[in-house]
Amino acid sequence: MDKYSRGKATTASEVATLTLPDAKVELPIRIGTENERSVDISELRSESGYITLDEGYGNTGACSSEICFIDGEQGILRYRGYPIEQLAENSRFTEVAWLLISGELPTQSQAADFSALLTEYELLHEGLRHHFEGFPPDAHPMAMLSTMINAASCYHPDLLELTDDDHLMEAAAKLMSKVRTIAAFSYRKSKGQPIVYPDPALSYCRNFLHMMFSIPYAQYEASPTMVRALTLFLLLHAEHEQNCSTSTVRMVGSSGANLFASVAAAVCALWGPLHGGANVEVMRMLEQIQDSGASVREIVDRAKSGDSFRLMGFGHRVYKNFDPRALILKKAADDLFSEMGKADPLLQIAEELEEIALNDEYFIERKLYPNVDFYSGIILRAMGIPRNMFTVMFAIGRMPGWIAHWREQFHAADRIHRPRQLYIGPTKRDYVPMDQRR
Ligand code: SDX
């Protein structure tokens, strides 16, 4: 049974015919459950000697997947078929994590069991906790996160060889719970403050805020609005199909590398300013506008000028319409500030920037809209989370999506990912002894 009959893709009756200078190749057309159409080129090289070339993979499907559907033209995002708007309205982050990883919304008992596992695994081994002493005070939290994920696997060798789904769910709970503790400990270390241990009586989000902001003898009491804002932030960042970091999980996992190693690699991919690091760059851009007194119009014009400056938080490889997550986060930011009874000048600058860009021909022509990173930093800043922790927060949110894709590939037993290339280097030449080189 080939994977297309196993999964939910169908094979069209018609085929794609590729006419080459010296061959004509017929290629199957595979159709997904949302009627996305693809040309299956798996046999192209063996039948024609040709490969395809697609720098940045803008036109290339690396796999078939049941986890997340995006329609970039319509601005649609669904996790396992559920619209992101409904999940944002009704769901908790841990409930969405279960949905992404298992494929179904959890029953009451499954949700309770998963919650219990997250609580059971919230502590770090004391030996692991001492690793923090080795980092310099200004160590970047993303470097610490990636390091500590692999270090954590040294204390859980049993999770390096996952045998079945129960074992995988245990590893998922350990990863999700411990990255939250690692992130909070990294923050406390960077502030020179004593670490605060997790409180088993608190929910996933409340516990994180407790570990971040409680001080000895003064427990931090997060407001319902803060907890709601954090829940939304994490839930909206939980999954986004084959983005750079998730593709990294699948690439690394395809070699048989364990879940911890694959996720640690994804943290490194997410760190880049064009990906998960964009939320930091958005805040830097907004603060530069505020501090320089430059008009928003000047910034928009600079982004159009063709130099390397870009409007951070704008544009997306897939969305050519509004990123639905940006719309939800913008409302959450408004709610947060009205509850806090204060206006944020950076939010006002962001809204003015959005207004001008969305009416500017350059952005309209290129279909550049605010993406998930445009408002997310403003929410994190309002919660008191420092800028160098923003991408770590993105990683905590994306953990369930990374785990879900690793699991999907683990069950599919996909071939090792090994793309081809078009060689454009020097043709054959002979060795030149050192004394004859000029
Ligand atoms: C995330 O893939 C995902 O799903 C990612 C993510 C997830 O959930 O995992 O959604 C999270 O990474 C969101 C994106 C965060 N990055 C940023 O906000 C950085 C700023 N945006 C860009 O750098 C850019 O839009 C990308 C990287 C997001 C997408 O780049 P593409 O698809 O490769 O687009 P491109 O570079 O080919 O740009 C096409 C045109 C170019 O102009 P021309 O050469 O046609 O004249 O649009 C221009 C670009 O110069 N352009 C921008 C722009 N983004 C693209 N111009 C000004 N400002 C921008 N932000």
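See above for the structure.
Residues numbered from 1 in each chain as written. Predicted model: local features only at pLDDT ≥ 70, side-chain atom pairs only at ≥ 80, totals over all residues. Heavy atoms only, no water.

Q: In this structure, what is going on with a nonpolar patch on the surface? I would like to understand it.
A: A cluster of nonpolar residues, Ile 51, Leu 53, Leu 422 and Ile 424, forms a patch on the protein surface that exposes about 420 Å² of accessible area. Along the chain, Leu 53 falls in the loop between helix H2 (44–48) and strand S4 (68–71). (Patch = residues over 30% accessible without salt bridge, like charges linked within 9 Å, V, L, I, M, F, W, Y side chains within 5 Å. Areas by Shrake-Rupley, 256 points an atom, 1.4 Å probe, with all protein chains shown as cover. Salt bridge = Lys/Arg side-chain N within 4 Å of Asp/Glu carboxyl O. Helix = DSSP H or I, 4+ residues; strand = E, 2+ residues; numbered from the N terminus.)

Q: How do you make sense of helix H15 (residues 324–340) when you look at a structure like this?
A: An α-helical segment advances 3.6 residues per turn. Residues three or four places apart therefore align on the same side. Here H15 spans 25 Å end to end across 17 residues, near enough to the 24 Å set by a 1.5 Å rise per residue. The set of residues buried in H15 consists of Pro 324, Arg 325, Ala 326, Ile 328, Leu 329, Ala 332, Ala 333, Leu 336 and Phe 337. On the buried face of H15, the contacting elements are strand S5 (76–79), helix H3 (84–90), helix H10 (224–236), helix H16 (345–358), helix H18 (373–382) and helix H19 (390–412). Two residues or fewer past H15, Gly 341 is found with a positive phi of approximately 65°. (Expected span 1.5 Å × (residues − 1). Buried < 20%, exposed > 50% of the residue type's maximum accessible area, 1.4 Å probe, protein only. Contact = heavy atoms within 4.5 Å.)

Q: I'm lost on the packing of H16 against H18 in this one. Help?
A: The angle between the axes and the distance between the axes are what describe a pair of packed helices. Contact geometry for H16 and H18: axes closest at 10 Å, N-to-C directions at 170°. Judged by the angle between their axes, H16 and H18 are roughly antiparallel. Here Leu 346, Leu 347, Ala 350, Glu 351, Leu 353 and Glu 354 of H16 come into contact with H18, specifically with Phe 374, Tyr 375, Ile 378 and Arg 381. Tallied by class, residues from the contact of H16 with H18 come to seven nonpolar, no polar and three charged. (Axes fitted to C-alpha atoms, helices over the stretch in contact; angles between N-to-C directions. Parallel < 35°, antiparallel > 145°, perpendicular 65-115°, else oblique. Nonpolar A, V, L, I, M, F, W, Y, C, P; charged D, E, K, R; others polar.)

Q: Quick question: what am I supposed to make of the nonpolar core here?
A: Among soluble globular proteins, nonpolar side chains are generally buried collectively. Judged by nonpolar contacts, the single largest core of 122 residues is most densely connected at Ile 149, Phe 208, Leu 286, Leu 353, Met 383 and Ile 385. The dominant element in this core, judged by the number of residues it contributes, is helix H8 (residues 165–190), at 13 residues. Beyond its immediate chain neighbours, meaning those up to four positions away, Ile 385 contacts Phe 208, Met 212, Phe 213, Leu 380, Phe 390 and Met 393. Leu 20, Leu 27, Ile 29 and Leu 44 belong to the second largest nonpolar core, which has eight residues in total. (Core = buried A, V, L, I, M, F, W, Y, C linked by side-chain atoms within 4.5 Å.)

Q: Which parts of the structure should I look at to understand the pattern of salt bridges?
A: Oppositely charged side chains can pair when the atoms bearing their charge come close. If you walk through the whole model with that rule in mind, you get 23 salt bridges. Its salt-bridge partner being Arg 78, residue Glu 34 comes within 2.5 Å of it at the nearest N-O pair. Taken together, the positions of Glu 34 in the loop between strand S2 (23–31) and strand S3 (37–39) and Arg 78 in strand S5 put the pair 44 residues apart, joining distant regions of the chain. Across the salt bridge formed by Arg 180 and Glu 122, the nearest N and O atoms sit 4.0 Å from each other. With Arg 180 in helix H8 and Glu 122 in the loop between helix H5 (108–120) and helix H6 (126–129), the pair connects residues that are 58 residues apart, well separated along the chain.

Q: What am I meant to see in the site of the ligand here?
A: Around the ligand, the structure places 22 residues, and the nearest of them are His 240, His 316, Arg 317, Arg 325 and Arg 398. For the ligand, whose free accessible area comes to 1100 Å², the fraction covered by protein is 74%. Among the residues making up the shell around the ligand, the classes are represented as nine nonpolar, seven polar and six charged. (Near = heavy atom within 4 Å.)

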